[in-house]
Amino acid sequence: MVNPERQPRPLTCAAVETNLVAYLKDGLSPDLEAAVRVHLLQCPACADLVQEARELDAALYAAAPRRLDRLPSDLSARFQEDVYRRMRRALVFQRTRAFTGRVVTVLVTFLFVVGLGLMVGPWLRYLATVDAPPTPPAVASQGLDILPSPAPALLPPTAAALPVVPTATLPVEYHSPADSVRALLEAAVAGNDDRVQRLLVGTRTRARRVRARLEPCRGALDVSRLHYSTVRYETNVAGVRLRYDNRRVGEVKLLLREDGYWYLHYLHYDSLDSILGDGCLALP
Amino acid sequence: MTDSDQLIRRCQQGELAAFTELFRQHEAQAYRLALTILRHEQDAQDAVQDAFLRVFENIKQFEGNSSFKTWLTRIVVNLCRDRIRRNKVRRAFSLDWLRNRPGKHNVAREVAERQERQTLWRYVDRLDEKYRLPIILHYYERLSCSEVGEILQIPTTTVYSRLNTARQQLRAMAALDQAGAGREVEQGTW
């Protein structure tokens, strides 16, 4: 809305010419339009210019060829025919592309599923083996004889000698980390790889690594010189630190699983050299 | 929902008969516009075929934010511009086929008017593309300046500005021609 009390600002002739078409097409703001009107009343040259522009405007409208609702029938028919020929071609192309796309999708999905099966199958078999609750060894221990009970206290960490069990058969109850470590050592020394793997939680690579490290322990471990202390890291994570002649030689991390048993998570050695040099758990 | 909206909805559902009807409704306008911009019949036919093919392929993306005519016009204008850029050669063109026959009107007057129109449109044809397209869309297609801006993807104020520049150039051309005609008359008289 134009404010009647406000005087429109004066415009120059150049400004009027710049805004001429917008003025003719009612495209100016009310203020600017009012200013142009005021200028036109005072400037005959610009008024003539506007008149001339109006005439040109009308002439351009009039000069435009008349609008036709329909093309000539022959042209229309030819036109439709050409357009439809191209449309049909485009449609065939679209359908072919859609079909090819579906085939490719099915093929890719099939290959993906097959690949996934090939990759996951061994994993599932491995996990099924790992998840199964550890069973007592089928064969009697040939190496370490370690007394599993009573289970050592978890906290605070205390150093205690691993008790030696004189009997050949060991009741395997993995209710404490120390029991599990004992069982692992026993199995490793005995060369019972299946049992070692059953005690491990982790990848097959890790299981292989642990077995490889424990392998040299067979028949070379003097259990009377081996001590351990148990450390509880979290509710379900504990560690069993191993000492040989009061020298720290390594640590076994264990994980308490839902079945209530402690499974071995990984082995950690302070010094790889000592293991390589001694061929076992840093044995002298 | 208008008939036009229903027609477009049917086209979007892939009904070929609806496409036939849609094309029939707009072919004359599209062809006339393409012919005016390109000034070559075969090029115009090809451009409109391309435009309808593009409509056929993209009708599902048409959301109705602008009218179908505006959408189609934008497609035609863009395709014509592409062709102009490719060709870069303007060809001589006659608008005679578009004009109605003289019939029972005053022949002398119609001839004079036609000459005047042809002169004016010859001036328009000499304008740069930038100024010619707004003239064609506004005066020829009778589109509003805001619609022209929407089709050319420029602000409405720019449309005003271009129309103004076009007006000034047309004025200058007419003045030059009149001066030339004056010299010829002078020479002939002498």
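Predicted, not measured: the structure shown is a model, and the values here were computed from it. (Residues numbered from 1 in each chain as written. Chains lettered and ligands numbered in written order. Predicted model: local features only at pLDDT ≥ 70, side-chain atom pairs only at ≥ 80, totals over all residues. Heavy atoms only, no water.)

Q: Looking at this structure, I do not really get the overall build of chain A. What am I missing?
A: The helix and strand tally for chain A stands at 9 helices and 5 strands. In sequence order, the secondary structure elements of chain A are arranged as α-α-α-α-α-β-α-α-α-β-β-β-β-α. Counting every position in chain A, which comprises 284 residues, the buried fraction comes to 38%. At a minimum sequence separation of 6, the contacts of chain A that also span at least 24 residues come to 55%. Summed over all atoms, the accessible surface of chain A reaches about 16300 Å², with 59% contributed by carbon and sulfur. (Helix = DSSP H or I, 4+ residues; strand = E, 2+ residues; numbered from the N terminus. Buried < 20%, exposed > 50% of the residue type's maximum accessible area, 1.4 Å probe, protein only. Contact = heavy atoms within 4.5 Å. Areas by Shrake-Rupley, 256 points an atom, 1.4 Å probe, with all protein chains shown as cover.)

Q: What is the right way to read the overall build of chain B from this model?
A: What chain B contains, in helices and strands, is 8 helices and 0 strands. Secondary structure elements of chain B occur, N-terminal to C-terminal, as α-α-α-α-α-α-α-α. Burial status across chain B gives 46% buried among its 190 residues. When contacts within chain B are restricted to residue pairs at least 6 apart in sequence, those whose partners lie at least 24 apart make up 65%. Counting every atom, chain B has about 10100 Å² of accessible surface; 46% of that belongs to carbon and sulfur.

Q: Explain the interface of chain B and chain A here, please?
A: Often the size quoted for an interface is simply the accessible area lost on bringing the parts together. Across the boundary between the two partners, chain B contributes 43 residues, which contact 40 residues of chain A. Between chain B and chain A the total buried area reaches about 4100 Å² when both faces are included, carbon and sulfur atoms providing 60% of it. Among the residues chain B hides against chain A, the three largest losses belong to Gln49(B), Tyr139(B) and Arg167(B). Together they make up 16% of the total. Counting across the interface, chain B meets chain A through 2 salt bridges. Scanning the region where chain B abuts chain A turns up 9 residue pairs in polar contact (both at pLDDT 80 or more). Breaking the side of chain B that touches chain A down by element, the ones donating at least two residues are α2 (16–38), α3 (41–58), α5 (107–126), α6 (129–140) and α8 (156–189) of chain B. The biggest single contributor to the side of chain B that touches chain A is α2(B), with 10 residues. Of the residues contributing to the side of chain B that touches chain A, the split by class is 22 nonpolar, 8 polar and 13 charged. (Buried area = accessible area lost by both parts, 1.4 Å probe. Salt bridge = Lys/Arg side-chain N within 4 Å of Asp/Glu carboxyl O. Polar contact = N/O pair within 3.5 Å; in protein donor to acceptor, adjacent residues only side chain to side chain. Nonpolar A, V, L, I, M, F, W, Y, C, P; charged D, E, K, R; others polar.)

Q: It is not clear to me how the state of the cysteines should be interpreted in this structure. Could you clarify?
A: By definition, a disulfide links the sulfur atoms of two cysteines through a covalent bond. All names here are of chain A. Tallying each qualifying case throughout the model produces 0 disulfides over all chains. With no disulfide of its own, cysteine 13 lies closest to cysteine 46 among cysteine sulfurs, the gap being 3.6 Å. Classification of cysteine 13 by relative accessible area gives partly exposed; the value is 39%. Here cysteine 43 is not disulfide-linked; the sulfur of cysteine 46 is the nearest cysteine sulfur, at 3.6 Å. (Disulfide = S-S within 2.5 Å.)

Q: Can you help me understand the pattern of salt bridges in this one?
A: A pair can form between side chains of opposite charge whenever their charged atoms are brought close. All names here are of chain B. In total, this model carries 13 salt bridges over all chains according to the counting rule given. Between arginine 39 and aspartate 125 there is a salt bridge, with the nearest N and O atoms lying 3.7 Å from each other. Of this pair, arginine 39 sits in the loop between α2 and α3 while aspartate 125 sits in helix α5, placing them 86 residues apart in sequence. No difference in accessibility class separates arginine 39 from aspartate 125, as the two residues are buried. Between aspartate 82 and arginine 85 there is a salt bridge whose closest N-O contact spans 3.2 Å. Of this pair, aspartate 82 and arginine 85 both sit in helix α4 (residues 68–87), separated by 3 residues, roughly a single helical turn. You can call aspartate 82 partly exposed: its relative accessible area is 30%. Ionic contacts of the salt-bridge type, sharing partners, join the residues Arg39, Asp125, Glu129 and Arg132 into one network.

Q: What is the right way to look at the packing of helix α1 (residues 3–12) of chain B against α2(B) in this model?
A: The description of two packed helices rests on the angle between their axes and on the distance between the axes. All names here are of chain B. With their axes 8 Å apart at the nearest point, α1 and α2 run at an angle of 135° to one another. In this view, α1 runs oblique relative to α2, as classed from their interaxial angle. Read as a crossing pair, α1 and α2 show a hand that is left-handed. Along the contact surface, α1 presents Leu7, Ile8, Arg10 and Cys11, while α2 presents Ala18, Phe19, Glu21, Leu22 and Gln25. Here the residues of the contact of α1 with α2 sort into 6 nonpolar, 1 polar and 2 charged. (Axes fitted to C-alpha atoms, helices over the stretch in contact; angles between N-to-C directions. Parallel < 35°, antiparallel > 145°, perpendicular 65-115°, else oblique. Left-handed = near helix turned anticlockwise from the far one by under 90°.)

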